[in-house]
Amino acid sequence: MTATVPSINHLFEKTKAGETMALLVVFAILCLCCWASFYFILCIINGSRSYEWNCRLVTLVHGIVAVCITAYIGYVDGPWPFTHPGTKNTPLQISALVVSLGYFIFDMAWCVYFRTEGPVMLAHHTMSILGILLTLWLGESGIESCAVLFGSEVTNPLLQTRWFLKQTGRYETPLGNAVDVLFVLLFVVMRIFVGGTMLYCELISPRPRFFIKCGGVAMYALSWAFMVDIVRFAMRKSKSWHKQRVRKKMVEANGHDGKMD
């Protein structure tokens, strides 16, 4: 799937503006087909696993690919998203957005068909698709869209790892605890603090379009909706750890974890 990126860059540099949208549609459909094909291949190879198992493998791969590409865009290729929002899309930015657009369309269709996600996650997918489409249509603000994509997907591998640990009976281990702690910390730092800074830079800059700014506000509000669930999860996890420590102390003191008579 990522092998198409150099060819996309090469073609975008040589085509006229009038032909760009047609190419975007073609490559978006191609990426959608690649992600769907990858999923069906996994279903054949992992026939003993559930459909969700294979879909989450696709999600994991997309998360890693998206984070790697957008990290390169933000830290190496540039420009810096905090100082140059609203600038013209580069071929690499377009490539990253098209690859993720194909994935989000695939995953949205899968979630709707199997009815596995709630309204918050479906809203996230819908806003991601609309945001990418708007960025590609306007031909600008690709750098901040890639920054948002990086911030959204950087916690994704940990989220999928947590699910796979649960499915394999390894969640109630030190590894599972480490994944949970790292996920919560990374989410708070990237989605709330860094995301809030990115939104502030977006709002005070005169370059980004009004609709792009509205989309940024909506995505940040959605991050806070996720944050509410994460706070509840962290509280439950903290209580669970406290009970485990109390039980361990009782075992050490009495040789068992409570009254046995």
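None of the values given here were measured: they were computed from a predicted structure.

Rules of the game
- Residues numbered from 1 in each chain as written.
- Predicted model: local features only at pLDDT ≥ 70, side-chain atom pairs only at ≥ 80, totals over all residues.
- Heavy atoms only, no water.
- Helix = DSSP H or I, 4+ residues; strand = E, 2+ residues; numbered from the N terminus.
- Buried < 20%, exposed > 50% of the residue type's maximum accessible area, 1.4 Å probe, protein only.
- Contact = heavy atoms within 4.5 Å.
- Areas by Shrake-Rupley, 256 points an atom, 1.4 Å probe, with all protein chains shown as cover.
- Phe/Tyr/Trp six-rings, centres within 6.5 Å; stacked < 30°, edge-to-face > 60°.
- Axes fitted to C-alpha atoms, helices over the stretch in contact; angles between N-to-C directions.
- Parallel < 35°, antiparallel > 145°, perpendicular 65-115°, else oblique.
- Left-handed = near helix turned anticlockwise from the far one by under 90°.
- Nonpolar A, V, L, I, M, F, W, Y, C, P; charged D, E, K, R; others polar.
- Core = buried A, V, L, I, M, F, W, Y, C linked by side-chain atoms within 4.5 Å.
- UniProt positions renumbered as here; feature names shortened; annotations may be inferred.
- Polar contact = N/O pair within 3.5 Å; in protein donor to acceptor, adjacent residues only side chain to side chain.
- Expected span 1.5 Å × (residues − 1).
- Salt bridge = Lys/Arg side-chain N within 4 Å of Asp/Glu carboxyl O.

Engineer: I keep staring at the overall build of the protein chain and nothing clicks. Help me out?
Structural biologist: Helix and strand counts for the protein chain stand at nine helices and zero strands. Taken from N to C terminus, the helices and strands of the protein chain fall in the order α-α-α-α-α-α-α-α-α. Scored against the burial criterion, the 261 residues of the protein chain give a buried share of 43%. Counted over contacts in the protein chain with a minimum sequence separation of 6, partners at least 24 positions apart contribute 75%. Counting only carbon and sulfur atoms, one obtains 68% of the accessible surface of the protein chain, whose full area is about 14,300 Å².

Engineer: Looking at this structure, I do not really get the packing of aromatic side chains. What am I missing?
Structural biologist: The way to describe two aromatic rings as a pair is by their centre distance and the angle between their planes. All told, the structure shown has 15 aromatic pairs when counted by the stated rule. An angle of 45° between the planes, with centres 5.3 Å apart, marks the rings of Trp-80 and Phe-82 as tilted. Relative accessible area serves as the criterion here: at 37%, Trp-80 is assigned to the partly exposed category. Measuring from ring centre to ring centre gives 4.5 Å for Trp-110 and Phe-114, while their planes differ by 35°; the resulting arrangement is tilted. Linking Trp-110 with Phe-114, this pair stays in helix 4 (residues 91–114), spanning four residues, or about one helical turn. Look at Trp-110 and you get buried, because its relative accessible area is 7%. Judged by relative accessible area, which is 31%, Phe-114 ranks as partly exposed. Counting every residue linked through ring pairs, the aromatic cluster contains Tyr-51, Trp-110, Tyr-113 and Phe-114.

Engineer: I tried to follow the packing of helix 3 (residues 51–77) against helix 6 (residues 142–153) on my own but got confused; where do I start?
Structural biologist: Close contact between helix 3 and helix 6 brings their axes to 9 Å; oriented N to C, the two are set at 140°. Judged on the interaxial angle alone, helix 6 and helix 3 are oblique. As helix 3 runs across helix 6, the sense of the crossing is left-handed. Within the contact between the two elements, helix 3 uses His-62, Gly-63, Ala-66, Val-67, Thr-70, Ala-71 and Ile-73 and helix 6 uses Ile-143, Cys-146, Leu-149, Phe-150 and Glu-153. Counted by class, the contact of helix 3 with helix 6 contains eight nonpolar, three polar and one charged residues.

Engineer: For this particular structure, what's the right way to read the nonpolar core?
Structural biologist: Core analysis: the largest hydrophobic core is formed by 35 residues, its most contacted members being Tyr-39, Val-58, Ile-73, Val-98, Phe-106 and Leu-136. Looking at this core, the elements with two or more residues in it are helix 2 (17–45), helix 3, helix 4, helix 5 (119–138) and helix 6. In contact with Val-98, not counting residues within four places along its chain, are Leu-24, Phe-27, Ala-28, Cys-31 and Leu-136. By size, the runner-up hydrophobic cluster in this structure holds 16 residues, among which are Val-184, Ile-192, Tyr-220 and Leu-222.

Engineer: Would you take a moment to explain the UniProt feature "transmembrane region" (unreviewed entry) in the protein chain for this structure?
Structural biologist: Residues given the UniProt feature "transmembrane region" (unreviewed entry) here are residues 20–45, 57–74, 94–113, 120–139, 181–203 and 210–235. For the annotated span residues 210–235, helix accounts for 100% and strand for 0% of the residues, and the straight-line distance between the end C-alpha atoms is 38 Å.

Engineer: So what exactly am I meant to see when it comes to the environment of Arg-191 here?
Structural biologist: For Arg-191, the position within the fold is in helix 8 (residues 174–204). For the pair Arg-191 and Gly-151, spaced 40 residues apart in the sequence, the C-alpha separation amounts to 6.0 Å. Apart from residues no more than four positions distant in its own chain, Arg-191 is found in contact with His-124, Gly-151, Ser-152, Thr-155, Leu-186, Gly-196, Tyr-220, Ser-223 and Phe-226. A polar atom in the side chain of Arg-191 sits 3.2 Å from the side chain of Ser-223.

Engineer: What am I meant to see in helix 3 here?
Structural biologist: For an α-helix, 3.6 residues make a turn, and residues three or four places apart therefore share a direction. Counted at 1.5 Å a residue, the expected span for helix 3 with its 27 residues is 39 Å, and the 37 Å between its end C-alpha atoms agrees. Gly-78 sits one or two residues past helix 3 and shows a positive phi near 75°.

Engineer: Any chance you could explain the packing of helix 3 against helix 4 here in plain terms?
Structural biologist: In helix packing, the relevant descriptors are the interaxial angle and the interaxial distance, both defined with respect to the helix axes. Put simply, helix 3 and helix 4 touch, their axes get as near as 10 Å, and they point 160° apart. By the angle between their axes, helix 3 is roughly antiparallel relative to helix 4. For helix 3 against helix 4, the interelement crossing comes out left-handed. When helix 3 is examined against helix 4, the residues Tyr-51, Glu-52, Cys-55, Val-58, Thr-59, His-62, Ala-66, Ile-69, Tyr-72, Ile-73 and Asp-77 are found in contact with a partner set consisting of Leu-92, Gln-93, Ala-96, Ser-100, Tyr-103, Phe-104, Phe-106, Asp-107, Trp-110 and Phe-114.

Engineer: Help me understand unusual backbone geometry, please; the structure alone is not making it clear to me.
Structural biologist: For residues that are not glycine, phi is negative in most cases, and the peptide bond is trans in most cases. For the bond running from Gly-78 to Pro-79, omega is 0°, close enough to zero to count as cis. Here Pro-79 lies in the loop between helix 3 and helix 4.

Engineer: What am I meant to see in the pattern of salt bridges here?
Structural biologist: A side chain with one charge can pair with a side chain of the opposite charge if their charged atoms come near. As enumerated under the stated definition, the model contains four salt bridges in all. In this structure, the salt-bridge partner of Glu-52 is Arg-56, at a minimum N-O distance of 3.0 Å. Taken as a pair, Glu-52 and Arg-56 lie in helix 3 at a separation of four residues, close to a single helical turn. According to the relative accessible area criterion, Arg-56 is buried, its value standing at 17%. Measuring nitrogen to oxygen at the nearest pair gives 3.0 Å for the salt bridge that ties Arg-209 to Glu-140. With a gap of 69 residues between them, Arg-209 in the loop between helix 8 and helix 9 (210–254) and Glu-140 in the loop between helix 5 and helix 6 connect regions that are remote in the sequence.

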